[in-house]
Amino acid sequence: MTVLDKAKQWARAIKRDVMALWLAARDPRVPWYAKVAAGMVAAYALSPIDLIPDFIPVLGYLDDLIIVPLGILLAVKLIPADLMAEFRAEAIRRSRPTSRGGLAFIVGIWVLMAAALIWLFWPDRFA
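Here the structure is a predicted model, which means the values were calculated and not measured. (Residues numbered from 1 in each chain as written. Predicted model: local features only at pLDDT ≥ 70, side-chain atom pairs only at ≥ 80, totals over all residues. Heavy atoms only, no water.)

**Student:** Go over the overall build of the chain with me, naming the residues and quoting the values.
**Tutor:** Along the backbone of the chain there are five helices and zero strands. For 127 residues, the compact-globule estimate of 2.2 N^0.38 gives 14 Å, and the C-alpha radius of gyration of the chain, at 18 Å, exceeds that figure by more than 25%. Dimensions of the chain along its principal axes, counting C-alpha atoms only, are 60 × 40 × 25 Å. Contacts in the chain between residues at least 24 apart in sequence constitute 69% of all its contacts with a sequence separation of at least 6. Approximately 8,800 Å² of the chain is accessible, and the part contributed by carbon and sulfur atoms is 71%. Distance from the positive charge centre (15 side chains) to the negative charge centre (11 side chains) of the chain: 5 Å. (Helix = DSSP H or I, 4+ residues; strand = E, 2+ residues; numbered from the N terminus. Rg over C-alpha atoms; globule rule 2.2 N^0.38 Å. Contact = heavy atoms within 4.5 Å. Areas by Shrake-Rupley, 256 points an atom, 1.4 Å probe, with all protein chains shown as cover. Lys, Arg positive; Asp, Glu negative; His and termini not counted. Charge placed at Lys NZ, Arg CZ, Asp CG, Glu CD.)

**Student:** Could you give an account of the packing of helix α2 (residues 32-46) against helix α3 (residues 59-78), with specific residues and numbers?
**Tutor:** The N-to-C vectors of α2 and α3 enclose an angle of 155 degrees; their axes lie 9 Å apart at closest approach. What the angle tells us is that α2 and α3 run roughly antiparallel. When you trace α2 past α3, the crossing you get is left-handed. Counting all contacts with α2, which are made through Tyr33, Ala34, Ala37, Ala38, Val41, Tyr44 and Ala45, the residues of α3 involved are Asp63, Ile67, Val68, Gly71, Ile72, Ala75 and Leu78. Residue composition of the contact of α2 with α3, by class: twelve nonpolar, one polar and one charged. (Axes fitted to C-alpha atoms, helices over the stretch in contact; angles between N-to-C directions. Parallel < 35°, antiparallel > 145°, perpendicular 65-115°, else oblique. Left-handed = near helix turned anticlockwise from the far one by under 90°. Nonpolar A, V, L, I, M, F, W, Y, C, P; charged D, E, K, R; others polar.)

**Student:** Summarise α2; cite the residues concerned and give the values.
**Tutor:** Between its first and last C-alpha atoms α2 spans 21 Å; for 15 residues at 1.5 Å apiece the expected length is 21 Å, and the two agree. Of the positions making up α2, those classed as buried are Ala34, Ala37, Ala38, Val41, Ala42, Ala43, Tyr44 and Leu46. Buried positions along α2 lie against α1 (3-24), α3 and α5 (100-121). (Expected span 1.5 Å × (residues − 1). Buried < 20%, exposed > 50% of the residue type's maximum accessible area, 1.4 Å probe, protein only.)

**Student:** Account for the side chain of Asp17, naming residues and giving values.
**Tutor:** In this fold, Asp17 is placed in helix α1. Not counting chain neighbours up to four residues away, the residues in contact with Asp17 comprise Ile72, Met84 and Arg88.

**Student:** Can you lay out the nonpolar core for me, pointing to particular residues and giving the numbers?
**Tutor:** Within soluble globular proteins, side chains that are nonpolar generally end up buried alongside one another. With 27 residues, the main nonpolar core has Leu21, Val30, Ala38, Ile72, Ile79 and Phe87 as its most contacted residues. Broken down by secondary-structure element, the contributors of at least two residues to this core are α1, α2, α3 and α4 (81-93). No other element matches the eight residues that α1 contributes to this core. (Core = buried A, V, L, I, M, F, W, Y, C linked by side-chain atoms within 4.5 Å.)

**Student:** Could you give an account of the side chain of Asp27, with specific residues and numbers?
**Tutor:** Along the chain, Asp27 falls in the loop between α1 and α2. Overall, Asp27 belongs to the buried group, its relative accessible area being 12%. A polar atom in the side chain of Asp27 sits 2.8 Å from the backbone nitrogen of Arg29. Beyond its immediate stretch of four places on either side in the chain, Asp27 contacts Lys35 and Phe87. (Polar contact = N/O pair within 3.5 Å; in protein donor to acceptor, adjacent residues only side chain to side chain.)

**Student:** Break down the environment of Ala89 for me, citing the residues and quoting the values.
**Tutor:** Assignment of secondary structure puts Ala89 in helix α4. Since its relative accessible area comes to 33%, Ala89 is described here as partly exposed. Placed 55 residues apart in sequence, Ala89 and Ala34 show a C-alpha to C-alpha distance of 19 Å.

In C-alpha cells form, the structure reads like this:
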C-alpha cells in the first residue's frame, strides 16, 4: 500500500467518523458529555467556513490536519464502543449533511474577533 493509498484511506475514515459523530450527537443512548463533544466536532467539520481560512499559508490547513482529527479522537473515546460501531455502519449508508449551526458559530467567532480588533485599534478610543 502506497503512502497515497494510506492517505486516501485515512481521509475516508475521517469523513465516516465525522458523519458517525453527527449521528451520535442526536442519539439518546449517548451520554450528554459525549453528545456535546460529538456535536461540536461534527459542526466544525461539516461547517463550510473554517476557523482559520485555508488561504492563510500553513495555518489555514493546520486546523484541518490537527483540530478535526484530535476532536474526533476525543469524541470517539467518550462514546461507548458498541454504539460507535453502530454509528460508523450507519454513516457509511448515509449522505453527508451540512451544519448551519457550525457555520453560525464560526461566523460568530469571526464577528467577535473583528469587533475586538476594531475596538482595540480605533484611533479615538483613548482620546
